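# Remarks on the overall topology
Here is how the chains run, residue by residue.
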Amino acid sequence: MDIVEALKNSDSDAAVAIENAKVLTAGELLNAIGRWKAFFESAGIKSTVLFCSDRIRFTAALIGAWCAGTRTVLPTDMTQFTRQRLEKEGHFFVFDETPVIRHEVISPTQDLRLTIDEALVEMFTSGSTGEPTRVLKTLTQVLSDIDTLDADFPVKPQNGAIVFSTVSHQHIYGFLWTVLWPLSSGRLLTKERLVFPENIHQALKENRPVILISSPAHLKRLPLDLNWDEVREHLDCLVSSGGPLSEEGLGLCQEAFGQTPFEILGSTELDGIAWRQRRFHADKSIDSDSCRWHPMPGTLIGKNNEGILQVKSTRLDPLHWTTGNDRIEVLEDGTFTLLGRTDRIVKIEEKRLSLTAMEQEIIDSGYCTEARA
């Protein structure tokens, strides 16, 4: 879906976001996008690093850059090492504190269009060697991702629901589900991440219906001493990704929210791969059939001779298999189960850590001559 055309074709007074308890309309967002486009074009900026905690500002700058033909570089962190590396490449940087763009745009929708075959999205992930791996995507690839995101929901999320999130939009999961998906599907963006369980509770208390995009790290720490009974009915849909959710976390979701999450399996390299929604029996045991992973729409799943996951889809390479880093067992009905990773990347609290890189850091410290993780 072309999100710019969708915004332009919608009612200019239609709500698209909630910012500081105020509604942001499609017309206001288009104005912001137009100002960013004018800025990038007038300054001749060919590539920009976007790193903003303000999701609405991030969204306006992102789409404005795309309309200007400016490549958007989306790092997952802004450590000194990351910033120095990107500064050497000559990118323009956009942060929360970057001065507000002052360009006046008489007709914000004029010349706002996307060239969807351009490679304008650059994201980062960890490779098996520990060095950050760049993944360059065309707008066609990115926008085709969002067309299938909710296709397999057992119950479709409500239009007009407010999308809150505990995850960063600098990662592929948050980028798709908290920025592009709401804009393309009639749900509302929100400005900031929910960091603590109390923030989740307050957001549910003050809003309905709510879609919560979360990580296992948050869900497995839900405190049951909060009064979830008073807000449970406000939660329309719960989504989890970024790593496996433990059975304990699954039970906390059921007890706090009265529902289990729609779990997404994917990565920056392979996009969305599969989904599942585990369910409990009356005796509180988990339904084993619901533990299987179902391929996303338009996604073919296979495995090579070593039993390693392979994916084929129009979002990747429709003619060739792309190999992942997980061992799998494919079942007769096309679903599959995971059997563990094959590389030296481990996930701790949904953060990828390279054992190779950790070994090198220990050696570089000067305290050890050899290290094994």
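This text gives an overview of the structure that appears in the document.

Reading guide: rules and limits
Residues numbered from 1 in each chain as written. Predicted model: local features only at pLDDT ≥ 70, side-chain atom pairs only at ≥ 80, totals over all residues. Heavy atoms only, no water. Helix = DSSP H or I, 4+ residues; strand = E, 2+ residues; numbered from the N terminus. Rg over C-alpha atoms; globule rule 2.2 N^0.38 Å. Contact = heavy atoms within 4.5 Å. Areas by Shrake-Rupley, 256 points an atom, 1.4 Å probe, with all protein chains shown as cover. Lys, Arg positive; Asp, Glu negative; His and termini not counted. Charge placed at Lys NZ, Arg CZ, Asp CG, Glu CD. Axes fitted to C-alpha atoms, helices over the stretch in contact; angles between N-to-C directions. Parallel < 35°, antiparallel > 145°, perpendicular 65-115°, else oblique. Nonpolar A, V, L, I, M, F, W, Y, C, P; charged D, E, K, R; others polar. Disulfide = S-S within 2.5 Å. Buried < 20%, exposed > 50% of the residue type's maximum accessible area, 1.4 Å probe, protein only. Polar contact = N/O pair within 3.5 Å; in protein donor to acceptor, adjacent residues only side chain to side chain. Pairing = 2+ DSSP bridges.

This next bit is on the overall build of the protein chain. Secondary structure assignment for the protein chain yields ten helices and 20 strands. Here the C-alpha atoms of the protein chain give a radius of gyration of 21 Å, agreeing with the 21 Å that 2.2 N^0.38 yields for 373 residues. In terms of overall dimensions, the protein chain has a C-alpha envelope of 60 × 55 × 45 Å along the principal axes. Looking at the protein chain alone, contacts between residues at least 24 apart form 63% of all its contacts between residues at least 6 apart. As presented, the protein chain carries roughly 17,900 Å² of accessible surface, and 50% of it is formed by carbon and sulfur atoms. Considering the protein chain, the positive charge centre built from 39 side chains and the negative charge centre built from 53 side chains are found 2 Å apart.

Quick look at the packing of helix H5 (residues 139–146) against helix H6 (residues 172–185) now. Two elements in contact, H5 and H6, have axes whose closest approach is 9 Å; the angle formed by their N-to-C orientations is 80°. Considering their axes alone, H5 and H6 lie roughly perpendicular with respect to each other. Every residue of H6 that contacts H5 at Val-142, Asp-145 and Ile-146 is listed here: Phe-175, Leu-176, Leu-180, Trp-181 and Ser-184. Here the contact of H5 with H6 is built from residues that sort into six nonpolar, one polar and one charged.

Another point: the state of the cysteines. The final tally for this structure, using the stated rule, is zero disulfides. Cys-237 takes part in no disulfide bond, and the closest cysteine sulfur to it belongs to Cys-253, at a distance of 12 Å.

With that settled, the discussion passes to the environment of Thr-98. Relative to the helices and strands, Thr-98 is located in the loop between strand E5 (92–95) and strand E6 (119–126). Residue class for Thr-98 comes out buried when judged on its relative accessible area of 12%. It is 30 Å that separates the C-alpha atoms of Thr-98 and Asn-9, two residues lying 89 residues apart in sequence. Sequence-distant contacts of Thr-98, defined by excluding residues within four places in its chain, comprise Arg-57 and Phe-93. Only 2.7 Å separates the side chain of Thr-98 from the backbone nitrogen of Phe-95, close enough to count as a polar contact.

What follows covers the environment of Ser-53. Here Ser-53 shows up in the loop between strand E3 (47–51) and helix H3 (55–67). Each C-alpha atom of the pair Ser-53 and Asp-13 lies 26 Å from the other, and the pair is 40 residues apart in sequence. Leaving out residues up to four positions away in the same chain, Ser-53 has contacts with Asp-96, His-169, Lys-191 and Glu-192. Of the polar contacts made by the side chain of Ser-53, one reaches the side chain of Asp-96; its length is 2.4 Å.

Let us look at the sheet that holds strand E12 (residues 262–267). Strand order in this open sheet of six strands is E8-E10-E11-E12-E13-E14, and the pairing throughout is mixed. Across the chains shown, the open sheet's two edge strands, defined by having one partner strand only, are strand E8 (162–165) and strand E14 (294–295). Note: strand E11 (residues 235–240) against E12, two bridges, orientation parallel. Within E12, the position partnered with Ser-240 by the bridge is Glu-263.

Another aspect to go through is the pairing of E12. In terms of residue burial, E12 counts as a mostly covered element, since five of its six residues are buried. With five bridges connecting them, E12 and strand E13 (residues 271–276) associate as antiparallel partners. Pairing of Leu-265 across the sheet is with Ala-274, part of E13.

Geometry only, nothing functional implied.
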